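# Summary of the model geometry
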Amino acid sequence: MDYQGLIARAVEVKQSAYAPYSHFRVGAALLTKSGKIFTGCNVENVSYSATNCAERTAVYKAISEGEREFAAIAVNGDNDDYLPPCGVCRQVLAEFCDMETFEVILANNEEDYRIVTLDRLLPGAFSTDNLKPSDVF
Ligand code: THU
């Protein structure tokens, strides 16, 4: 896998971040199993809870374009250390990605990055296996 190429796209899209409240820009680049890349940045809102993280922007763009099979995501933030995806983004990734094989690349830059699989970031995730049909409806 071209980790450096994917990281470069995450760093690049960070420039598009809309972060007037936190002043903390994040970029993400999501790789499909077919080799396409979907990028995303964080998009904040004056009503803070309406903010969308970079990772989810990338996932929603990809899903909207008909892609559902993902191999990896690179994340780069305006910090000096590896930026771990927030809990909501982990859950969204878990909806579409294989927990054991999907790679989350926490990148400071193209040379300095850590790779973790999704199961390490979200152990014991709530999944479709936990859904029980309700007899209420
Ligand atoms: N943020 C992301 O885009 N991804 C993360 O994984 C962590 C947080 C954004 C949300 C908000 O715009 C800013 O970073 C500060 O929390």
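These remarks concern the structure in this document.

Definitions and limits used
Residues numbered from 1 in each chain as written. Predicted model: local features only at pLDDT ≥ 70, side-chain atom pairs only at ≥ 80, totals over all residues. Heavy atoms only, no water. Pairing = 2+ DSSP bridges. Helix = DSSP H or I, 4+ residues; strand = E, 2+ residues; numbered from the N terminus. Axes fitted to C-alpha atoms, helices over the stretch in contact; angles between N-to-C directions. Contact = heavy atoms within 4.5 Å. Phe/Tyr/Trp six-rings, centres within 6.5 Å; stacked < 30°, edge-to-face > 60°. Buried < 20%, exposed > 50% of the residue type's maximum accessible area, 1.4 Å probe, protein only. Near = heavy atom within 4 Å. Polar contact = N/O pair within 3.5 Å; in protein donor to acceptor, adjacent residues only side chain to side chain. Areas by Shrake-Rupley, 256 points an atom, 1.4 Å probe, with all protein chains shown as cover. Nonpolar A, V, L, I, M, F, W, Y, C, P; charged D, E, K, R; others polar.

This brings us to the sheet that holds strand S3 (residues 70–77). Read from one edge of the open sheet, 5 strands run S2-S1-S3-S4-S5, paired in mixed fashion. Edge positions in the sheet fall to strand S2 (37–41) and strand S5 (113–117), since each has one partner strand and no second. Going across the sheet, the axis of each strand differs from the next one's by a mean of 20°, ignoring polarity. The pairing of S3 with strand S4 (residues 103–107) spans 4 bridges and is classified as parallel. In the strand pairing of S4, Val 75 is matched with Leu 106. Of the strands in this sheet, strand S1 (26–32), S2, S3, S4 and S5 are in contact with helix H1 (residues 3–13), which crosses S1 at around 140°.

Time to look at the packing of aromatic side chains. Aromatic rings considered in pairs are described by the distance between their centres and by the relative angle of their planes. By the definition in use, this model includes 2 aromatic pairs. Between Tyr 3 and Tyr 113, the ring centres sit 5.8 Å apart and the planes meet at 40°, which makes this aromatic pair tilted. In this pair, Tyr 3 is assigned in helix H1 and Tyr 113 in strand S5, connecting sequence segments 110 residues apart. On the basis of relative accessibility, which here comes to 28%, the residue Tyr 113 falls in the partly exposed class. With centroids separated by 5.6 Å and ring planes inclined at 40°, the aromatic side chains of Tyr 21 and Tyr 48 adopt a geometry described as tilted. In this pair, Tyr 21 is assigned in the loop between H1 and S1 and Tyr 48 in the loop between S2 and helix H2 (54–64), connecting sequence segments 27 residues apart. Residue classification places Tyr 21 among the partly exposed residues on the basis of a relative accessible area of 36%.

This part is about the environment of Leu 121. Mapped onto the fold, Leu 121 is located in helix H4 (residues 118–121). The class for Leu 121 is buried, based on a relative accessible area of 15%. Counting along the chain gives 44 residues from Leu 121 to Gly 77, while the straight-line C-alpha distance between them is 17 Å. Discounting residues that sit within four places of it in the chain, Leu 121 has contacts with Pro 85, Arg 90, Val 104 and Val 116.

Backbone geometry places His 23, a non-glycine residue, at a positive phi of 55°. Residue placement: His 23 occurs in the loop between H1 and S1.

On to the site of the ligand, then. Around the ligand sit Ser 22, Phe 24, Val 26, Asn 42, Glu 44, Thr 51, Cys 53, Ala 54, Glu 55, Pro 84, Pro 85 and Cys 86, and those are all the residues in its vicinity. Glu 44 is positioned with one of its side-chain polar atoms (N or O) 2.5 Å from an oxygen atom of the ligand. Within the backbone of Cys 86, an N or O atom sits 3.2 Å from an oxygen atom of the ligand. Contact with the protein chains covers 79% of the free accessible surface of the ligand, which is 370 Å². Partitioning the shell around the ligand into residue classes produces 7 nonpolar, 3 polar and 2 charged.

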